[in-house]
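Listed below are the residues making up each chain.
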Amino acid sequence: MMSLPNLKQIITLSLSVVGFFIASSSSAVAMTLSLELLGTHTTGIFDEGAAEISAYDPVSQRLFVVNGSANQLTVLDISNPRNPMALSPISLMGGGVNSVAAKNGIIAVAEQALVKTEPGMVSFFDTNGNFLNRVTVGALPDMLTFTPSGMAVLVANEGEPNDDYTIDPEGSISIIDLSLGVGAASVMTADFSGFNSSNLDPNVRIFGLNATIQQDLEPEYITINNDGSTAWITLQENNAIAILDLNRKTITDIVALGFKDHSLPKNSLDASNQDGMINLQNYTHLFGMYQPDAIASYVVNNQTYLVTANEGDARDYDGFSEEARVNSLMLDPTAFPDATIQNNARLGRLTITNTSGDNGNDGDFDQLYAFGARSFSIWDENGILVWDSGNEFEVLLAQLLPTFFNASNDNNTFDNRSDDKGPEPEGVTIGRIGGKVYGFIGLERIGGVMVYDITNPNNPSFVTYTNNRDFTQPISSLLAGDLGPEGVLFIDAEDSPNGSPLLVVANEISGSTSIFGITQVPEPSAILSLFTVGLISVFSRKKGIGNR
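Given the structure is predicted, the values throughout are model-derived calculations rather than measurements.

Cut-offs and rules
Residues numbered from 1 in each chain as written. Predicted model: local features only at pLDDT ≥ 70, side-chain atom pairs only at ≥ 80, totals over all residues. Heavy atoms only, no water. Helix = DSSP H or I, 4+ residues; strand = E, 2+ residues; numbered from the N terminus. Rg over C-alpha atoms; globule rule 2.2 N^0.38 Å. Contact = heavy atoms within 4.5 Å. Areas by Shrake-Rupley, 256 points an atom, 1.4 Å probe, with all protein chains shown as cover. Lys, Arg positive; Asp, Glu negative; His and termini not counted. Charge placed at Lys NZ, Arg CZ, Asp CG, Glu CD. pLDDT = per-residue confidence, 0-100. Buried < 20%, exposed > 50% of the residue type's maximum accessible area, 1.4 Å probe, protein only. Polar contact = N/O pair within 3.5 Å; in protein donor to acceptor, adjacent residues only side chain to side chain. Pairing = 2+ DSSP bridges. 1 Å grid on protein atoms, 1.4 Å probe; cavity = no way out; pocket = protein on both sides within 12 Å on 5 of 7 lines; lining within 4 Å. Points joined across faces, edges and corners; volume = space filled by probe spheres on them. Nonpolar A, V, L, I, M, F, W, Y, C, P; charged D, E, K, R; others polar. Patch = residues over 30% accessible without salt bridge, like charges linked within 9 Å, V, L, I, M, F, W, Y side chains within 5 Å. Salt bridge = Lys/Arg side-chain N within 4 Å of Asp/Glu carboxyl O. Arc of directions from axis to C-beta. Phe/Tyr/Trp six-rings, centres within 6.5 Å; stacked < 30°, edge-to-face > 60°. Axes fitted to C-alpha atoms, helices over the stretch in contact; angles between N-to-C directions.

### Concerning the overall build of the chain
Thinking step 1. Each helix and strand counted, the chain has four helices and 34 strands in total.
Thinking step 2. Relative to the globule expectation of 24 Å for 548 residues, the C-alpha radius of gyration of the chain, 25 Å, shows essentially globular dimensions.
Thinking step 3. Referenced to the eigenvectors of the C-alpha coordinate spread, the extents of the chain come out at roughly 90 × 65 × 50 Å.
Thinking step 4. Of the contacts formed within the chain by residues at least 6 apart in sequence, a portion of 55% connects residues at least 24 apart.
Thinking step 5. Total accessible area computed for the chain in this model is approximately 22,400 Å², and 49% of it derives from carbon and sulfur atoms.
Thinking step 6. Averaging the locations of the 26 positively and 63 negatively charged side chains of the chain gives two centres separated by 15 Å.

Have a look at this one:
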């Protein structure tokens, strides 16, 4: 019988295993990501949109963050990401700031007019906040982005109606030409006039009061392919994506995104905030409208793929509202034979649209359509669905945060948002790290960021979830942490101030901007495997196995 090793043998054995692990970890070991909170800047302004969208300039190592509350850009020096320092803000003159982008030392800012239905503007600054130029764009410029070359800026002009729904501006895309310099910037408009008399896919939601197609389409967010030839624009309320040919400066197609069937096993959802429990169920004749907010793109094998955060959004104005609770509707008894389906503990509380589902126009609903898909999706460049995360967000949150499942961003109440879009994925960004592609999806309500490996667009996998929120603290306290992530921004290692990739999250409810360091670490299974192999290797050497 072999005797137990003495202390010297144990130390020798431990050092040998550690050495084996270190040596092996540089070889083909399965790796995953870890996110570490490095630093946070807080405005101290609660629930006023004081931190919404951010942009980064790698030369000055500055972040520019939309502060809607103060109508300015917060400027942060993040040369030390653990200690972001606020510099002089950039004050703006429009009716409200909606987005910011940075490229080649130029900062572009989308500002709506004092009356949001009138033409907005894009203002340009250098990284020191010096004003460079201003141009007029369409109504309610919601998001803007530079083309890869930096020679143009694209602007999604949402064109929302006024509250009475008596004025409904046309949605459009402004293309700002910067090829002759910012001072000589010129603007042309890519509009939807070509679709007013076309046979548009009936699944593109056109339902505004007395609206033409051009008025009803509301561009939300833009992504551009690597060579700058094509842009894809989410039309959130319309549940569609527009495709823009940048060489021709023409919108060539509008693609309906279809609907998510909540009767399928992996598409279950928690539909009630009054059942007192986590209760993911499937329901027949219930569909989710994808209605993406943010969109990003990446390339695999020379093919472009689109990644969307399927938030959902309703039109809810004094002059017109499509929101309804299931318990307020008359349901078709053939489609819904069980009357208890309208109980508040089942589907009764779920918010759905009243503009779809009455297939026979007879006053009762044969199908129900909920806002958003509580997921993120990957689509091909033609807008065909490749993959969807199904019910994974709610399944994961039920495991990771069961006490605060589906809490909102302005309360800590368990199950609060189950009747209305759940965790509400809103922001998305993409990063390449160590030969893999990752998607980072911000959850607007419960907070935090879901991270997925999307290297294979047909088979993404969950990596990690991080949430810099303390649910035990009063919601309006600085101690509560980050609330309501609006924009997520990936900074790759070559541009990062500390030489490692970073993730920036701007949070509109808490008014805070947080910086996370991203590191690669061995997967837990890989650590255990390496440790076991190390033990075997050490004992083998001590017993002479393999050395005969």
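### Looking at the confidence of the model for the chain
Thinking step 1. In the predicted model, the chain carries a mean pLDDT of 92, and 91% of its residues have values of at least 70.
Thinking step 2. In this model, residues 527-548 is a region of pLDDT below 50 whose contacts with residues beyond four sequence positions or in other chains number 21 contacts.

### Things to note about unusual backbone geometry
Thinking step 1. Of note, Asn 239 is a non-glycine position whose phi angle comes to about 55 degrees, a positive value.
Thinking step 2. Within the fold, Asn 239 resides in the loop between strand S16 (230-235) and strand S17 (240-245).
Thinking step 3. Classification of Asn 239 by relative accessible area gives buried; the value is 0%.
Thinking step 4. Phi is positive for Lys 421, which is not a glycine, with a value near 75 degrees.
Thinking step 5. Since its relative accessible area comes to 12%, Lys 421 is described here as buried.

### What about the side chain of Asn 239?
Thinking step 1. Polar side-chain contacts of Asn 239 include one of 3.2 Å to the backbone nitrogen of Tyr 290.
Thinking step 2. A polar contact is formed between the side chain of Asn 239 and the backbone nitrogen of Gln 291, at a distance of 2.9 Å.
Thinking step 3. Those residues in contact with Asn 239 that sit more than four places away from it in its chain are Arg 205, Val 255, Ala 256, Leu 257, Gly 258, Phe 259, Met 289, Tyr 290 and Gln 291.

### Describing the environment of Ser 263
Thinking step 1. Inspection of the secondary structure assignment puts Ser 263 in the loop between strand S19 (259-261) and strand S20 (286-289).
Thinking step 2. Judged by relative accessible area, which is 29%, Ser 263 ranks as partly exposed.
Thinking step 3. On a C-alpha basis, the gap between Ser 263 and Thr 284 in space is 4.8 Å, while along the polypeptide they are 21 residues apart.
Thinking step 4. Apart from residues no more than four positions distant in its own chain, Ser 263 is found in contact with Asn 282, Tyr 283, Thr 284 and Leu 286.
Thinking step 5. Here the side chain of Ser 263 touches Asp 261 through a polar contact of 2.7 Å, side chain to side chain.

### Side note on the pairing of strand S13 (residues 172-177)
Thinking step 1. With five of its six residues buried, S13 lies for the most part within the structure.
Thinking step 2. For strand S12 (residues 152-157) and S13, the ladder comprises six bridges, and the chain directions are antiparallel. Across the sheet, Asn 157 pairs through a bridge with Ser 172, a residue of S13.

### Describing empty space enclosed by the protein
Thinking step 1. Evaluated as defined, the whole model comprises three cavities of 30 Å³ or more.
Thinking step 2. Size it by volume and the largest cavity reaches roughly 60 Å³.
Thinking step 3. Taken together, Gly 447, Gly 448, Val 449, Thr 466, Asn 467, Asn 468, Asp 482, Pro 485, Val 505, Asn 507 and Phe 516 form the lining of the largest cavity.
Thinking step 4. Split into classes, the residues belonging to the lining of the largest cavity amount to four nonpolar, six polar and one charged.
Thinking step 5. Approximately 50 Å³ is the volume attributed to the second largest cavity.
Thinking step 6. Surrounding the second largest cavity, His 262, Leu 269, Leu 350, Thr 351, Ala 370, Phe 371, Gly 372, Arg 374, Asp 419, Asp 420 and Lys 421 form its lining.

### What about a negative patch on the surface?
Thinking step 1. A surface patch of like charges, here negative, comprises Asp 163, Asp 164, Asp 316, Asp 318 and Glu 323.
Thinking step 2. Locating Asp 316 in the fold gives a position in the loop between strand S22 (303-310) and strand S23 (323-325).
Thinking step 3. Owing to a relative accessible area of 45%, Asp 316 belongs among the partly exposed residues under this scheme.

### Examining helix H3 (residues 392-400)
Thinking step 1. All buried positions along H3 are accounted for by Phe 393, Glu 394, Leu 396 and Leu 397. Down the axis of H3, the buried set is contained in an arc of 165 degrees. They therefore lie on one face.

### Thoughts on the layout of surface pockets
Empty pockets left among the atoms are what a rolling probe the size of a water molecule brings to light.
Thinking step 1. Computed from the structure, the second largest pocket encloses a volume of approximately 230 Å³.
Thinking step 2. Lining the second largest pocket we find 15 residues, and of these Ala 152, Ile 175, Asp 177, Leu 246 and Lys 249 sit closest to its centre.
Thinking step 3. Residue assignment for the lining of the second largest pocket shows that the elements contributing at least two residues are S12, S13 and strand S14 (186-191).
Thinking step 4. Looking at the lining of the second largest pocket element by element, the count peaks at three residues for S14.
Thinking step 5. Looking at the lining of the second largest pocket residue by residue, the classes come out as seven nonpolar, six polar and two charged.

### Looking at the packing of aromatic side chains
Thinking step 1. What the rule picks out here adds up to 16 aromatic pairs.
Thinking step 2. Seen in terms of ring centroids, Tyr 165 and Phe 320 are 5.6 Å apart; in terms of plane orientation they differ by 75 degrees. Their pairing is edge-to-face. Here Phe 320 lies in the loop between S22 and S23 and Tyr 165 lies in the loop between S12 and S13, a separation of 155 residues in the sequence. By the burial criterion, Tyr 165 is buried, and Phe 320 matches it.
Thinking step 3. Between the aromatic rings of Phe 440 and Phe 490, the centroid separation amounts to 5.8 Å while the plane-to-plane angle is 20 degrees, which identifies the pairing as stacked. Here Phe 490 lies in strand S32 (residues 485-491) and Phe 440 lies in strand S29 (residues 436-443), a separation of 50 residues in the sequence. The two residues Phe 440 and Phe 490 agree in class, both being buried.
Thinking step 4. Each member of the aromatic cluster is reached from another via a ring pair, and the members are Phe 376, Trp 387, Phe 393, Tyr 452 and Phe 462.

### Some words on the pattern of salt bridges
Thinking step 1. Scanning the model with the defined rule gives 16 salt bridges in all.
Thinking step 2. Ionic pairing is found between Glu 160 and Lys 116, a salt bridge with its closest N-O pair at 2.9 Å. Residue Glu 160 is located in the loop between S12 and S13, and its partner Lys 116 is located in the loop between strand S8 (106-112) and strand S9 (119-126); the two are separated by 44 residues in the primary sequence.
Thinking step 3. Accessibility expressed as a relative area gives 17% for Glu 160, which makes it buried.
Thinking step 4. Among the charged side chains, a salt-bridge network with shared partners connects Arg 417, Asp 420, Lys 421, Glu 424 and Arg 445.

### Quick word on the sheet that holds strand S10 (residues 131-139)
Thinking step 1. Pairing in this open sheet of four strands is antiparallel, and the strands run S7-S8-S9-S10 from one edge to the other. With partners counted over all chains shown, the strands left at the sheet margins are strand S7 (96-103) and S10, one partner each. Strand-to-strand twist of the sheet, defined as the mean angle between neighbouring strand axes without regard to direction, takes the value 20 degrees.
Thinking step 2. Both S7 and S8 contribute to a ladder of seven bridges, which runs antiparallel. Paired with Gly 96 across the bridge in S8 is Gln 112.

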